Amino acid sequence: MAQALDPATVIGSLGLVAEPEPVTPALPSIRSGSDTAVGAQDDPGTLPRPEELREEISLRYTEADTLKAWARSAELVKTYNDEIVERWQEEMDTLLVYAGLFSAVLTAFNVQSYQLLQPAPTDSSLAVLQQISEQLTSFSVNPTFINSTRSALSPDEVNPPFRPPDSAVWINALWFSSLVCSLASASVALMVKQWLHELSVGVSGTSRESARIRQYRVNSLRRWHVGGIVIVIPILLQIALVLFLAGLVVLLWTLHGTVAAIVSGLVGMLFVFLVVTTLLPAIKVNCCYRSPQAVGIFMAMQGIRMTVKSALTGFAQAAWNFSKHWRRHEGLLKQVGNLSWRIYVAICVETKDLPTWHGREQLEVARATDRLDRDLASMAYTTTFDAGYLDDMRMLLADMSWRQAVACYEETFAARARLWGEQLSRVRDRFPRHTYDVMHILLATPHKERDCAWQGAVEGVLSRLSPFPDELFETHGLHLLCTLAMGNNHAADTAFHKVLMHMRNQKAMRRGPTSRGMRAVMLMAEWRARNPGGSDSATTLRYYLQSIEVSIHCALRQHLLGLSTDEQLSVRARAQTALASLRDFLRTSLWREPSLYICLGLSNIVPLLVELVHADRELVTEDLVEVLDSVCSALQEGELTVADGDRLRRLHAYVEWTSEVLDALKAVMSGGPVNSNRRVVFKFDRPNLEPDTRRSRRFSAQSVTRSLSRLRRSSFSIPGV
């Protein structure tokens, strides 16, 4: 007798280990903190029961919060219900008025047109009289009798069967169909008004019971497609209009060709307009010609697309199921299999769902969020010109990207320029604040995003700056311009030039920038001295000398701004470094090639050094004066090769001017008085430099600056300066 085998013994003999019975692990509770139910404290390793979850939900919100939420829901549904009822009521009133007027006009035409479908009551009398006339003309008179050769008419000839013309049939068919459509739309509109009236009867307030009744009726509106019936009414009126105009054209072609051609052209233009404005919203999402007809055409197009898509999907699915095993083979069968796979993926996998009528609008809004926000911000001002809104716009600009912020700024400025003119628009309503805000946004743009469009935007904003710097420019604009000028591009050069012109301004010198602006100007000048930029050697030299000039301007104004001792020491140190850099540069031969620009630069720097000696004697060293003297001597002795003609005369004018001012500088440096017999002679007239007109100015720290300003305002100019 066979002995029963123990399964564990057999498994052990085979070297296998029997798997233990599965044990359900103890899962931790998903609750924590104050949300833990009461029963969870007994056994935290078990999941909560449904009763515990219900208790947790009941403890999460108070009864007052729940009632407030229900009241809020009832209020929102009531608002929606009231708005839709009011909108439909107004629409029905308008349609009833139009249908009544149109039906009255159409009835007047139908009263005359239906008579074309029946014989005239005088047709039989005319037939008898015509027969009598023919018999009288056919009499033959003989001596013995009078005979007529015309026989009497038969009853069918006296009352022949009536057949209306085809044109009469078409006219009446079109016009009576139009009348039926018009009256049908009026009748349906009247019924809809009754439905809407009953919808609001017995429902008022936002109590829980009223909210339930209102929601029940709103559900009925959707279930019985009242909205679709409302859409059909204007469509019926449009159809009635089309039928009436078609019958009118048919009638006119039976009367007169010229009149019919003119009216047909006008009716054709109207039909084209109706067709285009009906089709465009179904094709273009942003088209505002939305109407019930357009919705119907869109739904029809969607149905056609869904049908085609279903057919293509079925074909692609069948083709793939039939040929998917061919991909395992080689040659033509594998190519066919791969082709069927690509078709299947393109149709069934990558094809996106078709959006609905309102869904496609939401998609477009999501794609154009930034542009719509910009249009919203700019239109709020350009349609009202509310000066108080400009402060709010500054916050909105900070919330936009730099492209949208610049576009919003440009739209706002263009609207202001159309109203007040460009000059007044820059300063009215403290608009420069917006200019500086946009500059701030542009400067906050990462360097990798600063493309050509960014530079163009910066230059456009710079052109909008007020030509009259004010306190706002000193506190905000100057710092931003200096930050922008620390770069080697056209926008940076433009900003640097504006800072330079501001520092040369005598009114700005008396007022002076703030300490923050002064630090920014000094840092910018120091950076530009190390990185002057420029596309050629002449431009590089000009930018370098101008940066030295800006540093000297800062050194001259340090005592006028109320700077602290540390700040004044910092300005002096940076100015001293700049002047030492100028001295070392002039000791080289790099300045010799663009001689005209070195003369122009020194003519701006040397008069400032005269003033700087009076303000701070230690900054101007003897070495610097000696180097300047050697450069001017080299220019005077003709060691440089220059062009002929007007360029040579300009060079001589600047050399003579710089030499005279340099003599004054050396006199001041030596501590002696300036020779009153020495005079600076400006040889110029308009438009070229000529020796016939002369002006003289005695030397002093103030007269040098005034003379230099007059020289800059003279008629001759230097290219690129």
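Residues numbered from 1 in each chain as written. Predicted model: local features only at pLDDT ≥ 70, side-chain atom pairs only at ≥ 80, totals over all residues. Heavy atoms only, no water.

1. As for the overall build of the protein chain
Working step 1: What the protein chain contains, in helices and strands, is 28 helices and four strands.
Working step 2: Within the structure as shown, the protein chain displays about 42,600 Å² of accessible surface, and the carbon and sulfur contribution to it stands at 59%. (Helix = DSSP H or I, 4+ residues; strand = E, 2+ residues; numbered from the N terminus. Areas by Shrake-Rupley, 256 points an atom, 1.4 Å probe, with all protein chains shown as cover.)

2. As for the packing of helix H3 (residues 63-113) against helix H6 (residues 166-199)
Working step 1: Look at H3 against H6: their axes get within 8 Å of each other, and the N-to-C directions meet at 155 degrees. As summarised for this structure, H3 and H6 are arranged roughly antiparallel, according to the angle between their axes. H6 is crossed by H3, and the crossing has left-handed handedness.
Working step 2: Among the residues forming the contact of H3 with H6, the class breakdown is 19 nonpolar, 11 polar and two charged. (Axes fitted to C-alpha atoms, helices over the stretch in contact; angles between N-to-C directions. Parallel < 35°, antiparallel > 145°, perpendicular 65-115°, else oblique. Left-handed = near helix turned anticlockwise from the far one by under 90°. Nonpolar A, V, L, I, M, F, W, Y, C, P; charged D, E, K, R; others polar.)

3. Observations regarding the packing of aromatic side chains
Working step 1: Applying the stated criterion to the full structure yields 15 aromatic pairs.
Working step 2: When the centroid spacing of 5.9 Å and the interplanar angle of 70 degrees are considered together, the rings of Phe385 and Trp420 count as edge-to-face. Taken together, the residues span a long stretch of sequence, with Phe385 in the loop between helix H13 (369-382) and helix H14 (389-398) and Trp420 in helix H15 (residues 402-420) at a distance of 35 residues.
Working step 3: Owing to a relative accessible area of 25%, Trp420 belongs among the partly exposed residues under this scheme.
Working step 4: Grouped by ring-pair contacts, the aromatic residues Tyr98, Phe102, Phe109, Trp175 and Phe244 constitute a single cluster.
Working step 5: Residue placement shows Arg208 over the ring face of Trp70; its charged tip is 4.1 Å from the ring centre.
Working step 6: Above the ring of Phe496, the side-chain terminus of Arg528 is found at 4.5 Å from the ring centroid. (Phe/Tyr/Trp six-rings, centres within 6.5 Å; stacked < 30°, edge-to-face > 60°. Buried < 20%, exposed > 50% of the residue type's maximum accessible area, 1.4 Å probe, protein only. Lys NZ or Arg CZ within 6 Å of the ring centre and 35° of its normal.)

4. Digging into helix H18 (residues 452-463)
Working step 1: For H18, which comprises 12 residues, the first-to-last C-alpha distance of 17 Å matches the rise-based estimate of 16 Å (1.5 Å per residue) to within 8%.
Working step 2: Taken as a whole, H18 has its buried residues at Trp454, Ala457, Val458, Gly460, Val461 and Leu462.
Working step 3: In the core, the buried residues of H18 are packed alongside H15, helix H17 (432-443), helix H19 (471-485) and helix H20 (490-504). (Expected span 1.5 Å × (residues − 1). Contact = heavy atoms within 4.5 Å.)

5. Quick notes on unusual backbone geometry
Working step 1: At His225, a position not held by glycine, the phi torsion is positive, near 55 degrees.
Working step 2: Note on placement: His225 falls in the loop between helix H7 (208-223) and helix H8 (226-255).
Working step 3: Exposure remark for His225: the relative accessible area of 56% places this residue in the exposed category.
Working step 4: With a phi angle near 55 degrees, Phe385 is a residue other than glycine that sits in the positive phi range.
Working step 5: Classification of Phe385 by relative accessible area gives partly exposed; the value is 25%.

6. As for the state of the cysteines
Covalent bonding between the sulfur atoms of two cysteines is what defines a disulfide.
Working step 1: Here the structure, examined in full by the defined rule, presents zero disulfides.
Working step 2: No disulfide involves Cys554; its sulfur sits 8.0 Å from the nearest other cysteine sulfur, which is in Cys482. (Disulfide = S-S within 2.5 Å.)

7. As for the pattern of salt bridges
Working step 1: With the rule as written, the count across this model stands at 21 salt bridges.
Working step 2: A salt bridge links Arg464 to Glu410; its shortest N-O distance comes to 2.9 Å. One end of the pair, Arg464, is in the loop between H18 and H19; the other, Glu410, is in helix H15, and 54 residues separate them in sequence.
Working step 3: With a relative accessible area of 23%, Glu410 lands in the partly exposed category.
Working step 4: Within the structure, one salt-bridge network assembled from shared partners comprises Arg371, Arg374, Asp375 and Glu411. (Salt bridge = Lys/Arg side-chain N within 4 Å of Asp/Glu carboxyl O.)

8. Notes on a nonpolar patch on the surface
Working step 1: There is a patch of nonpolar side chains on the surface, built from Val272, Val276, Leu280 and Tyr289 and spanning about 330 Å² of accessible area.
Working step 2: Position of Tyr289 relative to the elements: it lies in the loop between helix H9 (257-283) and helix H10 (292-323). (Patch = residues over 30% accessible without salt bridge, like charges linked within 9 Å, V, L, I, M, F, W, Y side chains within 5 Å.)

9. Brief notes about the side chain of Ser178
Working step 1: Note that Ser178 resides in helix H6.
Working step 2: Overall, the relative accessible area of 0% leaves Ser178 in the buried class.
Working step 3: Those residues in contact with Ser178 that sit more than four places away from it in its chain are Phe102, Leu106, Ala240, Leu241, Leu243 and Phe244.

10. Some words on the packing of H20 against helix H22 (residues 515-530)
Working step 1: As a packed pair, H20 and H22 sit with axes 12 Å apart at the nearest point and diverge in direction by 125 degrees. With respect to their mutual orientation, H20 and H22 come out oblique. Along this stretch, H20 crosses H22, giving a crossing that reads as left-handed. In this structure, H20 contributes Ala492, Asp493, Phe496, Val499 and Met503 to the contact, and H22 contributes Val521, Met524 and Arg528.

11. Describing the confidence of the model for the protein chain
Caution applies to low-pLDDT regions: their predicted coordinates should not be interpreted in detail.
Working step 1: Per-residue pLDDT for the protein chain has a mean of 77; in total, 74% of the residues score no lower than 70.
Working step 2: Across residues 1-41 the pLDDT falls below 50, and counting only partners more than four positions away or on other chains, this stretch makes 27 contacts in the model.
Working step 3: In the predicted structure, residues 674-721 sits below a pLDDT of 50 and forms 90 contacts with residues beyond four places in sequence or in another chain. (pLDDT = per-residue confidence, 0-100.)

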